[in-house]
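This is what each chain is made of:
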Amino acid sequence: MRKIGIIDYDAGNLFSLENSLKYLKIKYEISDNINKLEQCSHLILPGVGAFSPAIESLKKKKLDKFIKKIAKEKKPILGICLGMQLLFERSNEFGSHEGLNLIKGNVKKINYKKTKIPIIGWFRFTANKKSLIKEHDKKYVYLVHSFECIPLKKNVISGTYTFSKKKIVCAIQKDNI
């Protein structure tokens, strides 16, 4: 039985996800309770906010260790927005902060000449050939962000968009993540 666990660590877009899953008629659980989340077949790590308070909240609730354990068990994990950033080794948002270290690479502030931050708008998504979301290739996605994920290995990049003649990673894929 499929049941989606939405990890509640006080930094997520929980109600948007809840409405989406209700619309799709998918069973879900919003929780910070590890026992409840372990019962779920898939996990979503949402996120809206700043990296440092988010990772600290995960650690305080011991959800960081849980997420790493689930990743090793190959349970599907989807990181959305800040949730995706937290999967990386490190972020330089307001200092240097260690992430969950599930994806090798860093999260850095976007710093392109003449670029107004945050980047907001609809952009054409480009999926790579191995992407699980390749059906969205060449479709438009709505993005709002000031930081970009820079993976160490390019083979984890599953989607990009182009802004100011530069490709920016907007989707990653590694094993069950």
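Everything quoted here is computed from the prediction, not taken from an experiment.

### Notes on the overall build of the protein chain
No. 1: Counting its regular elements, the protein chain contains 5 helices and 13 strands.
No. 2: Sequence separation of at least 24 residues holds for 64% of the intrachain contacts in the protein chain that already meet a minimum separation of 6.
No. 3: For the protein chain, the exposed area adds up to about 10500 Å²; of that, 55% sits on carbon and sulfur atoms.
No. 4: In the protein chain, 35 side chains carry a positive charge and 16 a negative one; their mean positions are 8 Å apart.

### Notes on the pairing of strand 3 (residues 42–45)
No. 1: Taken together, the 3 bridges between strand 1 (residues 4–7) and strand 3 define a ladder with parallel strand orientation. Residue pairing across strands places Gly 5 opposite Leu 43, the latter belonging to strand 3.
No. 2: Looking at chain direction, strand 3 and strand 4 (residues 77–79) are connected through 3 bridges and run parallel. Pairing of Ile 44 across the sheet is with Leu 78, part of strand 4.

### Focus: the sheet that holds strand 13 (residues 166–172)
No. 1: Pairing in this open sheet of 3 strands is antiparallel, and the strands run 9-12-13 from one edge to the other. Either end of the sheet is taken by a strand with one partner, and the two such strands are strand 9 (126–127) and strand 13.
No. 2: Pairing of strand 12 (residues 157–163) with strand 13 involves 6 bridges; the strand directions are antiparallel. Considered in strand 13, the bridge of Phe 163 is made with Lys 166.

### Describing the nonpolar core
No. 1: One finds Ile 7, Tyr 9, Leu 45, Leu 58, Ile 67, Leu 86 and Leu 100 to be the most contacted residues of the largest nonpolar core, which totals 33 residues.
No. 2: In terms of residue count, the dominant contributor to this core is helix 4 (residues 63–72) (5 residues).
No. 3: Ignoring sequence-local partners within four residues, the contact set of Tyr 9 consists of Leu 45, Pro 46, Gly 47, Ala 54, Ser 57, Leu 58, Lys 61, Leu 63, Leu 82, Gly 83 and Leu 86.
No. 4: Of all hydrophobic cores here, the second largest spans 12 residues; its members include Ile 119, Phe 125, Tyr 161 and Ala 171.

### Thoughts on the pairing of strand 8 (residues 119–124)
No. 1: Residues Ile 119, Gly 121 and Phe 123 line the buried face of strand 8, whereas the alternating positions Ile 120, Trp 122 and Arg 124 sit on a face that is not buried.
No. 2: As judged from the 6 bridges shared by strand 8 and strand 10 (residues 140–145), these two strands associate in the antiparallel manner. Across the sheet, Gly 121 pairs through a bridge with Leu 143, a residue of strand 10.

### Some remarks on the pattern of salt bridges
Pairing is possible between side chains that carry opposite charge, provided their charged atoms lie close to one another.
No. 1: Under the definition given, this model contains 6 salt bridges.
No. 2: Notably, a salt bridge pairs Asp 10 with Lys 61, separated by 3.3 Å at the nearest N-O pair. Of this pair, Asp 10 sits in the loop between strand 1 and helix 1 (14–23) while Lys 61 sits in the loop between helix 3 (51–60) and helix 4, and the two are 51 residues apart along the sequence.
No. 3: Look at Asp 10 and you get exposed, because its relative accessible area is 61%.
No. 4: Owing to a relative accessible area of 22%, Lys 61 belongs among the partly exposed residues under this scheme.
No. 5: We note a salt bridge from Lys 74 to Asp 175, for which the minimum N-O separation is 3.7 Å. You can see Lys 74 sitting in the loop between helix 4 and strand 4 and its partner Asp 175 sitting in the segment after strand 13, a full 101 residues away along the chain.
No. 6: Here Asp 175 falls in the exposed class, since its relative accessible area comes to 58%.
No. 7: Among the charged side chains, a salt-bridge network with shared partners connects Asp 10, Asp 32 and Lys 61.

Parameters at a glance
- Residues numbered from 1 in each chain as written.
- Predicted model: local features only at pLDDT ≥ 70, side-chain atom pairs only at ≥ 80, totals over all residues.
- Heavy atoms only, no water.
- Helix = DSSP H or I, 4+ residues; strand = E, 2+ residues; numbered from the N terminus.
- Contact = heavy atoms within 4.5 Å.
- Areas by Shrake-Rupley, 256 points an atom, 1.4 Å probe, with all protein chains shown as cover.
- Lys, Arg positive; Asp, Glu negative; His and termini not counted.
- Charge placed at Lys NZ, Arg CZ, Asp CG, Glu CD.
- Pairing = 2+ DSSP bridges.
- Core = buried A, V, L, I, M, F, W, Y, C linked by side-chain atoms within 4.5 Å.
- Buried < 20%, exposed > 50% of the residue type's maximum accessible area, 1.4 Å probe, protein only.
- Salt bridge = Lys/Arg side-chain N within 4 Å of Asp/Glu carboxyl O.

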